[in-house]
Amino acid sequence: MSHVPPSAPPYPTGGLPPQWQSPSGPPPRRRGRAAAKVLIVLVVIALLTTAGFVANRLLVNAVGGATSATASVQRFFDALEDKDWTALGLLLPPDETLQVAGLLRDTADLQGSIGGSADSMTDQLDGVNIDVSDLSLSSDEIAQDLSKVTIEQATIVIEIDEKTTESLADLIPDAGIEGLGSIGVTVSIDGPEVSYEYRGGSERDSGSESVVIGGDAQPPFLMSVRRGGGWFVSPMFTGAQYLAEESGWETADSGESDVTFDSPDEAAAGFVEGLAETIATADIGYVADAMGGVEARLLRTYAAGINAELESDPDLGLGADVQITVRDTDFDVTPGENRQARIKISHIGLELGADGRRSTIDFDGDCVRFVADDEPDEGGCISDGGEFASRLYRSLGHLVAIPQDGGWKVSPVATYFDWMGIAVRELAGVDADLLTAVVHMDFSRLAAREPVGRIGVSDEITVQIAPVSSAIYAGVSVIEAEPSADLVDYSCTSDNAPYFCEIVVVDAEGRRIEMESNYDVGDGYRSGYAVPGPTRLLVAGVAGTVVVESAPG
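Scope of this entry: the structure provided in the associated data block. What you see is a predicted model, and the numbers here were worked out from it, not measured in a lab. (Residues numbered from 1 in each chain as written. Predicted model: local features only at pLDDT ≥ 70, side-chain atom pairs only at ≥ 80, totals over all residues. Heavy atoms only, no water.)

Our next topic: the overall build of the protein chain. Helix and strand content of the protein chain: 15 helices and 25 strands. Out of the 553 residues belonging to the protein chain, those deemed buried represent 43%. Counting contacts in the protein chain only where the partners sit at least 6 residues apart, residues at least 24 apart contribute 67% of the total. About 26,900 Å² of surface is accessible on the protein chain, with carbon and sulfur atoms providing 52% of the total. (Helix = DSSP H or I, 4+ residues; strand = E, 2+ residues; numbered from the N terminus. Buried < 20%, exposed > 50% of the residue type's maximum accessible area, 1.4 Å probe, protein only. Contact = heavy atoms within 4.5 Å. Areas by Shrake-Rupley, 256 points an atom, 1.4 Å probe, with all protein chains shown as cover.)

This is how it looks when you write it as structure tokens:
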């Protein structure tokens, strides 16, 4: 049952958190479930480990790196065994760690604001022990300053204690590792053959398979890059190389771009022009040259494969038949984090041509207007979405430029992490009761609040929802529900965003009450909530007036 009128469209992407929506029931048990757990555990350990040494990197000023690509991977595994987070941090490329480090600090603050563990990331990793033996590596330099280090042979044993397992279960609730206690995983690599043994609680599993990439069986590998004379293990190039080989892309020397910009606003204009040229020519090199950060190197390294994909995808419609001219641009620049700059678009004007037709697009920082030959003007405004959309755009509607090559360049990666940092800091300012409900699905603190009103059966009540922060123009209101011997259904509608509204039904202790469905010979199927005792409705929606209705189930 939806908590909106029957005629309403489905919830849009990016709406309320999925954990606030009614679950559809547990998934069927599938064969190979333990194998999936092994993969999840390995991935999470890699992420947590990366988080630990990236955060620790902030304390280290040395350049770091290893003397060779093979040595960087060998030392990487040594540092994992020793839990030497400083060494791990020094083996990651500086251009891949800078943006993540600040976000990790903000995330730690958010965790503390909801009563999470006060332990640092490295302290939480104390419950993970890794042993690597019989390690055999080989290296092949596939481009300038880029080497593929193949793991020819290795035995990796991972032991995770009960406390850390509980932390992992909170991080990935669908992994199915709740209540397993300690977990043990042994992964053996022998060329392309990878086998595993898994132990978790009473569960045991084992298996093996060949690693096949792009149709060819080969051992797993890591990528190492050279920066400033040292070699570093690169998570980003590792992922990109797996994708490239699966797609059949060739690699090339990334080189250095001779394009630079004297100011952040010039960098933004250059980025827009480079993007327009890429769209017109299906050549990623133009926008790559206008970018800063590791993403520029990635795009230049795999440009041949990316360009082939751009040219061959008919849905993109890129190529010689498309002409784009950047008519004018205007930007507002403000200081950002880490000596970076935030750039908002005040105005941008484009002229487009395709198939002999001309059109223009203008954006003034709020409204976009599209004018085409012999067609009615079209357009819309961000403010059409109300205060919620306007505040969200004011917080996140910007690009980030970074200092590079003696000038400035726009970095999409820096932009993404800046958005994430802003979002995390805004969430950290939200009251702990709401954060606990969203993050941990613990509604007890919200249920204990004084209700703003009471609703009976076949009743209606109007409530006001206050925004939880200056940027997050949404919130929660608590209503007391009158007990009933029969099933009751509830729905809500927001004046500011009619379909952006959700009701979570809980008892007085905050335990969630799920919808029920009963069959009666005379009445047929009836659905609703069983509310025989004290009940609370947690009404979540855009800030403003919300109407809540009830009806017999």
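What the rule picks out here adds up to 7 aromatic pairs. Pairing Phe-388 with Phe-500 gives two aromatic rings, centres 5.4 Å apart and planes at 40°, and the pair type is tilted. Linking Phe-388 in helix 12 (residues 386-396) with Phe-500 in the loop between strand 20 (488-494) and strand 21 (501-507), this pair joins segments that are 112 residues apart in sequence. Each ring, one from Tyr-416 and one from Phe-417, has its centre 5.3 Å from the other, and the planes form 75°; the classification is edge-to-face. Residue Tyr-416 is classed as partly exposed on the basis of its relative accessible area of 42%. Over the face of the ring belonging to Phe-221 we find Lys-148, whose NZ or CZ atom lies 4.6 Å from the ring centre. Above the plane of the ring of Tyr-393 lies Lys-344, whose end atom (NZ or CZ) is 5.3 Å from the centre. (Phe/Tyr/Trp six-rings, centres within 6.5 Å; stacked < 30°, edge-to-face > 60°. Lys NZ or Arg CZ within 6 Å of the ring centre and 35° of its normal.)

Next up on the list: the pairing of strand 8 (residues 221-227). Among the 7 residues of strand 8, 6 are classified as buried, and the element is accordingly described as predominantly covered. With 5 bridges connecting them, strand 2 (residues 146-160) and strand 8 associate as antiparallel partners. Within the sheet, the bridge partner assigned to Val-149 lies in strand 8 and is Leu-222. As judged from the 4 bridges shared by strand 8 and strand 9 (residues 230-233), these two strands associate in the antiparallel manner. Paired with Ser-224 across the strands is Val-233, a residue of strand 9. The loop that links strand 8 with its antiparallel partner strand 9 comprises 2 residues; one of these, Gly-228, has a positive phi angle of about 60°. (Pairing = 2+ DSSP bridges.)

Moving on to the side chain of His-398. Inspection of the secondary structure assignment puts His-398 in the loop between helix 12 and strand 15 (399-404). Contact partners of His-398, with chain neighbours within four places excluded, come to Arg-342, Ile-343, Lys-344, Thr-415, Asp-418, Trp-419 and Ile-422.

Right, let's get into the pattern of salt bridges. Inspection of the entire model under this criterion finds 20 salt bridges. With a shortest N-O distance of 2.8 Å, Arg-226 and Asp-145 are connected by a salt bridge. You can see Arg-226 sitting in strand 8 and its partner Asp-145 sitting in the loop between strand 1 (128-143) and strand 2, a full 81 residues away along the chain. For Asp-328, the salt bridge goes to Arg-327, with nearest N and O atoms at 3.2 Å. Of the residues examined, Arg-327 reaches a relative accessible area of 35% and is grouped as partly exposed. (Salt bridge = Lys/Arg side-chain N within 4 Å of Asp/Glu carboxyl O.)

The next point concerns unusual backbone geometry. In this structure, Lys-83 is a non-glycine residue whose phi angle is positive, near 55°. Take Lys-83: it is sitting in the loop between helix 2 (69-82) and helix 3 (85-90). Of note in this structure, Asp-134 is not a glycine but carries a positive phi near 55°. As for its position among the elements, Asp-134 is in strand 1.

Let's shift gears to the environment of Asp-258. In this structure, Asp-258 sits in the loop between helix 7 (235-247) and helix 8 (264-281). Distance in space between the C-alpha atoms of Asp-258 and Asp-289 is 7.7 Å, their sequence separation being 31 residues.

Further remarks concern the sheet that holds strand 21. Strands sit in the order 17-19-24-21 across an open sheet of 4 strands; the sheet is mixed. Both outer strands of the open sheet, strand 17 (454-455) and strand 21, are each paired with one neighbouring strand and no more. Of the strand pairs in this sheet, strand 19 (residues 474-481) and strand 24 (residues 535-542) are connected by 8 bridges, and their pairing is antiparallel. Considered in strand 24, the bridge of Glu-480 is made with Arg-536.

It is worth spelling out the sheet that holds strand 20 at this point. Read from one edge to the other, the open sheet built from 3 strands follows the order 18-25-20, with strand pairing classed as antiparallel. Taken across any chain shown, the strands that pair with only one partner, and hence form the sheet edges, are strand 18 (460-465) and strand 20. The sheet shows a mean angle of 25° between the axes of neighbouring strands, taken without regard to direction. When strand 18 meets strand 25 (residues 544-552), the two strands line up antiparallel, connected through 6 bridges. Within strand 25, the position partnered with Gln-464 by the bridge is Thr-545. (Axes fitted to C-alpha atoms, helices over the stretch in contact; angles between N-to-C directions.)

Residues Leu-146, Phe-237, Ile-284, Tyr-302 and Ile-306 are the most contacted members of the largest nonpolar core, which totals 44 residues. Leave out the neighbours within four places in its chain, and Tyr-302 touches Leu-146, Phe-237, Ala-240, Gln-241, Ala-244, Trp-249, Glu-250 and Thr-251. One finds Trp-85, Leu-88, Ile-158 and Val-233 within the second-largest nonpolar core, a separate group that totals 30 residues. (Core = buried A, V, L, I, M, F, W, Y, C linked by side-chain atoms within 4.5 Å.)

In this sheet, strand 14 (residues 378-381) lies alongside strand 13 (residues 367-372) in antiparallel orientation, the contact comprising 4 bridges. The partner of Cys-367 across the bridge, within strand 14, is Cys-381. Connecting strand 13 to the antiparallel partner strand 14 that follows it, the hairpin turn spans 5 residues, and Asp-374 within it adopts a positive phi of roughly 55°.

None of the figures reported here should be taken as evidence of function without further support.
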